[in-house]
Amino acid sequence: MPDATGLELVAQRVRDAVHEEAVVGTSFAYDSATLEVAPERTRDVLEHLRRSDEEPYEHLMSLHGCDYLPEEPRLGVHYHLMSMGRRERIAVKTRLTTEDPRLHTVTDLFPTADFQEREVYDFFGVVFEGHPDPRRILMPEDYQGHPQRRDFPMGGEPVLFTHNEHKLPRWYD
Amino acid sequence: MEIIRSKVDRKPDDFRSRQLQAQQMLRGDLDGTDLDEYVEQRLLLTKFEDAQNWARRNALWPLGFGLACCAIEMITVIGSPRNDLSRFGAEVIRFSPRQADMLILSGRVSIKMAPVIRRIYDQMLEPKWVISMGACASSAGMFNNYALVAGADKFLPVDVYVPGCPPRPEALMYGIMKLQDKITSEPNDGWRERYKSAGTEEASDA
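Residues numbered from 1 in each chain as written. Chains lettered and ligands numbered in written order. Predicted model: local features only at pLDDT ≥ 70, side-chain atom pairs only at ≥ 80, totals over all residues. Heavy atoms only, no water.

Asks: Can you break down the overall build of chain A residue by residue, with the values?
Replies: Counting its regular elements, chain A contains 3 helices and 7 strands. Going from N to C terminus, chain A has its helices and strands arranged as α-β-β-α-β-β-β-β-α-β. Against the globule reference of 16 Å for 173 residues, chain A gives a C-alpha radius of gyration of 20 Å, more extended than a compact globule. Per-residue burial for chain A yields a buried fraction of 42% across its 173 residues. Within chain A, contacts between residues separated by at least 24 positions form 51% of all contacts whose residues are at least 6 apart in sequence. Accessible area for chain A stands at about 9600 Å²; split by element, carbon and sulfur atoms hold 51% of it. Across chain A, the mean location of the 20 positive side-chain charges is 3 Å away from that of the 33 negative side-chain charges. (Helix = DSSP H or I, 4+ residues; strand = E, 2+ residues; numbered from the N terminus. Rg over C-alpha atoms; globule rule 2.2 N^0.38 Å. Buried < 20%, exposed > 50% of the residue type's maximum accessible area, 1.4 Å probe, protein only. Contact = heavy atoms within 4.5 Å. Areas by Shrake-Rupley, 256 points an atom, 1.4 Å probe, with all protein chains shown as cover. Lys, Arg positive; Asp, Glu negative; His and termini not counted. Charge placed at Lys NZ, Arg CZ, Asp CG, Glu CD.)

See below:
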């Protein structure tokens, strides 16, 4: 785990190697280091951390989406990287708006990102450009909407019990 | 106090004497009233449907099919010697729907899985029965949201509902025994017609 100083060093190396605007911010809380990066530079940052950084992170532990509904930009995509050799972890986070959320795929860097990017697409609607198989993975293929967004209705239906059976319409009536 | 005595001249009814009697019958040594008595002792008259239902209820083969966490409980019921479901004739797990009689919906039914389950049900040969095990399969339970079908009885006829989250093995066994009672009494719920599930077995090309 890079400490707060190490995180700033990583961020500076990323800025030097990728782009000056690539790292939007850093945060270090509860012993976990996080790089906040610009969405259009995400893939370049991950490629740098994977391949050309002097302390590389070769393993993608998790890739997942998130919805911070009151805040803008709403959607987040989190990458959790790990270095097996040094036993260090770092998180890379990026934020996207709900209007046309797009990221470049990282399946060529991390093959495990295949299904996880499909899951993020399925649940949050983030389109990963260049993904080899950009289908839904968990919901039916003809499903409408992205159900893990916070403004998506919960769904479900009222269940008949003896105390409310005279109030609720039965589905078969 | 009344003392009831059996007839003195009656033949002994122990196993050995019956065995000897059967031996005589097979040799053709029995005739006359002895043969009539022999046949009367060994005949059981019943209706064909009753005999058929009796055979069906005592050879109720479940499909090896699990959906979610209830499947673990189901496996302990139909597959473990602790619960010993072979007492009720329902322990022969068949992993092909062609050979199974009973589909136990053990777990939540997602909307993506529902057409798969219906197809498996359609592939099962008549007679076939369905047990909805647990709260999720019966009413979506605690997962009452966008992903699940609230109640598997929306797309296939369910014969027995077993409540619980998950049901105890005893509860599932009780449900299976209820199903056996249902098979014996043979009520016509009209469900096969309502769910259009009669005659849906897919023909095999092979």
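Asks: Mind laying out the interface of chain B and chain A, listing which residues take part and the relevant values?
Replies: Between chain B and chain A, the residue contacts involve 11 residues of the former and 15 residues of the latter. If you look at where chain B meets chain A, you find 0 salt bridges. The tally of links from chain B across to chain A stands at 3 residue pairs in polar contact (both at pLDDT 80 or more). Broken down by class, the residue content of the side of chain B that touches chain A amounts to 5 nonpolar, 3 polar and 3 charged. (Salt bridge = Lys/Arg side-chain N within 4 Å of Asp/Glu carboxyl O. Polar contact = N/O pair within 3.5 Å; in protein donor to acceptor, adjacent residues only side chain to side chain. Nonpolar A, V, L, I, M, F, W, Y, C, P; charged D, E, K, R; others polar.)

Asks: Outline the pairing of strand β2 (residues 129-133) of chain B, supporting the account with residue identities and numerical values.
Replies: For a regular strand, the rule is simple: side chains alternate between the two faces of the sheet. All names here are of chain B. Counting buried residues along β2, 5 of its 5 residues qualify, which places the element largely inside the surrounding structure. Side-chain alternation along β2 places W129, I131 and M133 on one buried face and V130 and S132 on a second face that is also buried. Of the crossover connections in this fold, the one passing from strand β1 (residues 102-106) over helix α5 (residues 114-123) to the parallel β2 is right-handed. In terms of strand pairing, β2 meets strand β3 (residues 160-162) through 3 bridges, oriented parallel. Pairing of S132 across the sheet is with Y161, part of β3. (Right-handed = clockwise from strand over helix to strand, strands pointing away. Pairing = 2+ DSSP bridges.)

Asks: Go over the pattern of salt bridges with me, naming the residues and quoting the values.
Replies: Residue and element names in this part refer to chain A. In total, this model carries 20 salt bridges over all chains according to the counting rule given. Of the charged contacts, one joins D108 and R43 as a salt bridge, the two residues approaching to 2.3 Å between their closest N and O atoms. Of the two residues, D108 is situated in the loop between β6 (102-104) and α3 (113-124) and R43 in helix α2 (residues 42-52); the sequence distance between them amounts to 65 residues. Its salt-bridge partner being D67, residue R74 comes within 2.8 Å of it at the nearest N-O pair. Of the two residues, R74 and D67, both sit in the buried class. Shared partners join several salt bridges into a network, and the residues in it are R13, D53, E54 and E55.

Asks: Which residues make up the packing of helix α1 (residues 15-27) of chain B against helix α2 (residues 33-42) of chain B, and what values do they have?
Replies: Residue and element names in this part refer to chain B. Contact geometry for α1 and α2: axes closest at 11 Å, N-to-C directions at 120 degrees. In terms of orientation, α1 and α2 fall into the oblique class. Our pair here, α1 against α2, has a crossing hand that is left-handed. On the side of α1, the interface is formed by R18, Q21, A22 and M25, while α2 contributes L35, Y38, Q41 and R42. Per-class residue counts for the contact of α1 with α2 are 4 nonpolar, 2 polar and 2 charged. (Axes fitted to C-alpha atoms, helices over the stretch in contact; angles between N-to-C directions. Parallel < 35°, antiparallel > 145°, perpendicular 65-115°, else oblique. Left-handed = near helix turned anticlockwise from the far one by under 90°.)

Asks: Report on the sheet that holds strand β5 (residues 88-96) of chain A, specifying residues and quantitative values.
Replies: Residue and element names in this part refer to chain A. Strand order in this open sheet of 5 strands is β1-β2-β5-β4-β3, and the pairing throughout is mixed. Two strands bound the open sheet, and with one partner strand each, they are β1 (23-29) and β3 (59-67). On average, each strand axis in the sheet is tilted by 20 degrees relative to the strand beside it, whichever way the strands run. Where strand β2 (residues 32-37) and β5 come together, 4 bridges link them in parallel fashion. The partner of V37 across the bridge, within β5, is T94. Against the sheet, helix α1 (residues 4-17) engages β1, β2 and β5, with an angle of about 165 degrees to β1. Packing of α2 onto the sheet brings it into contact with β2, β4 (75-83) and β5, and relative to β4 it is tilted by some 5 degrees.

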